[in-house]
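Coordinate analysis (summary)
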Amino acid sequence: MNLFYTCSFTMQRIYPKFLLSATFPEQFPAPTTPEIAFLGRSNVGKSSLLNALLGSKQAHVSSTPGRTRAINFFSITDSPQRQQPQMYFADLPGYGYAKLSKSISSEWPKFIEPYLSDRPTLALCLCLVDSNIPTQKSDVQLIHFLQSFHRRILIVGTKADRLSGNARFKAQAELRKGLAIEDLLLCSAKTGAGLKEVWSAIYTAAGE
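**Considering the pattern of salt bridges**
Under the counting rule described, the total for this entry stands at 5 salt bridges. The salt bridge partner of Asp 91 is Lys 46, with a shortest N-O separation of 2.5 Å. Pair noted here: Asp 91 is in strand 4 (residues 87-91) and Lys 46 is in helix 1 (residues 46-54), with a separation of 45 residues, a long-range link. In this pair, the class of Asp 91 matches that of Lys 46, namely buried. Taking the shortest distance from any N to any O, the salt bridge between Arg 82 and Asp 78 comes out at 3.5 Å. Classification of Arg 82 by relative accessible area gives partly exposed; the value is 36%.

**A short note on the side chain of Thr 33**
Locating Thr 33 in the fold gives a position in the loop between strand 1 (15-22) and strand 2 (35-40). A residue is classified by how much of its surface remains accessible, and Thr 33, at 4% relative accessible area, is buried. Among the polar contacts listed, one links the side chain of Thr 33 to the backbone oxygen of Gln 86, at a separation of 3.1 Å. In this view, Thr 33 contacts Gln 84, Pro 85, Gln 86, Met 87, Tyr 88 and Thr 121; residues no more than four positions away in its chain are not counted.

**Comments concerning unusual backbone geometry**
Trans peptide bonds make up most of the peptide bonds, and negative phi angles are found at most residues other than glycine. Notably, Lys 159 is not glycine yet its phi reads approximately 60 degrees, a positive angle. Looking at the secondary structure, you find Lys 159 in the loop between strand 6 (153-158) and helix 5 (165-179). If you check the backbone angles, Ala 180 has positive phi at about 55 degrees while not being a glycine. With respect to the secondary-structure elements, Ala 180 resides in the loop between helix 5 and strand 7 (184-186). A residue is classified by how much of its surface remains accessible, and Ala 180, at 62% relative accessible area, is exposed.

**So, the packing of aromatic side chains**
One pass over the full model with this rule turns up 8 aromatic pairs. With 5.7 Å between their ring centres and 70 degrees between their planes, Phe 18 and Phe 74 make a pair best called edge-to-face. In this pair, Phe 18 sits in strand 1 while Phe 74 sits in strand 3 (residues 71-77), placing the two residues 56 residues apart along the sequence. Judged by its relative accessible area of 40%, Phe 18 falls in the partly exposed class. Judged by centre distance (4.9 Å) and plane angle (55 degrees), the rings of Phe 38 and Phe 89 are tilted. With Phe 38 in strand 2 and Phe 89 in strand 4, this residue pair connects regions lying 51 residues apart in the sequence.

**Re the nonpolar core**
For soluble globular proteins, the rule of thumb is that nonpolar side chains tend to be buried together. Core analysis: the biggest nonpolar cluster contains 31 residues, and Ile 71, Leu 92, Tyr 115, Leu 116, Leu 146 and Ile 155 have the highest contact counts within it. Counting only elements with at least two residues in this core, the list comes to strand 2, strand 3, helix 3 (108-118), strand 5 (122-130), helix 4 (137-148), strand 6, helix 5 and strand 7. Beyond its immediate stretch of four places on either side in the chain, Ile 155 contacts Cys 127, Val 129, Ile 143, Leu 179, Ile 181, Asp 183, Leu 184 and Leu 185. Counting residues in hydrophobic clusters, the runner-up holds 28 residues, among them Leu 128, Val 156, Ile 202 and Ala 206.

Rules used throughout
Residues numbered from 1 in each chain as written. Predicted model: local features only at pLDDT ≥ 70, side-chain atom pairs only at ≥ 80, totals over all residues. Heavy atoms only, no water. Salt bridge = Lys/Arg side-chain N within 4 Å of Asp/Glu carboxyl O. Helix = DSSP H or I, 4+ residues; strand = E, 2+ residues; numbered from the N terminus. Buried < 20%, exposed > 50% of the residue type's maximum accessible area, 1.4 Å probe, protein only. Polar contact = N/O pair within 3.5 Å; in protein donor to acceptor, adjacent residues only side chain to side chain. Contact = heavy atoms within 4.5 Å. Phe/Tyr/Trp six-rings, centres within 6.5 Å; stacked < 30°, edge-to-face > 60°. Core = buried A, V, L, I, M, F, W, Y, C linked by side-chain atoms within 4.5 Å.

Here is the structure:
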């Protein structure tokens with residue numbers, strides 16, 4: 001399914017709020033609103049991108065990758081007075097960091113896999129990959145896992161500010177080929193490039 005976004009998309013002011021951390025399915029919030037999952041390797045810049053999208057430091061940025069050990073949920077509204085969230089953001093634990101990958105992987109059957117496979121309100125999976133490095137096997141495995149459950153996926157190439165114009169086109173082409181997926185955006189939490197397009201994809205998936 002193609003997600004692509006209109007150029008006329010206008011950024012809206014949002015009011016994010018940390019909701020809860022869950023390490024068991026029973027702790028997940030009630031499935032009453034669309035959810036956007038953020039997934040990626042532990043050093044991909046996931047927390048930085050989340051904070052850039054939210055316009056606030058809701059997600060903790062650690063100097064040591066792999067510190068997120070739960071699914072952290074954030075409610076998103078367009079007004080501080082609005083009671084019902086428009087959507088939830090779900091920040092999932094990173095993977096692939098050598099010192100922690102085994103202990104994190106052992107937690108997947110307990111709460112991460114059920115979330116990704118069974119969650120009825122999961123509207124979009126944002127799979128973050130580093131646009132500066134070749135395709136990683138763990139990223140390919142994650143995409144295949146999500147595709148097996150027919151999840152809607154958008155690949156977001158992070159740290160794009162480190163790439164020149166020609167290098168950006170090359171990185172996009174190589175990632176699309178290596179990951180065998182067309183829905184891909186490059187963005188930068190540092191400069192804000194591409195954030196508007198990511199938000200457009202999020203609102204499209206959430207039906208806003």
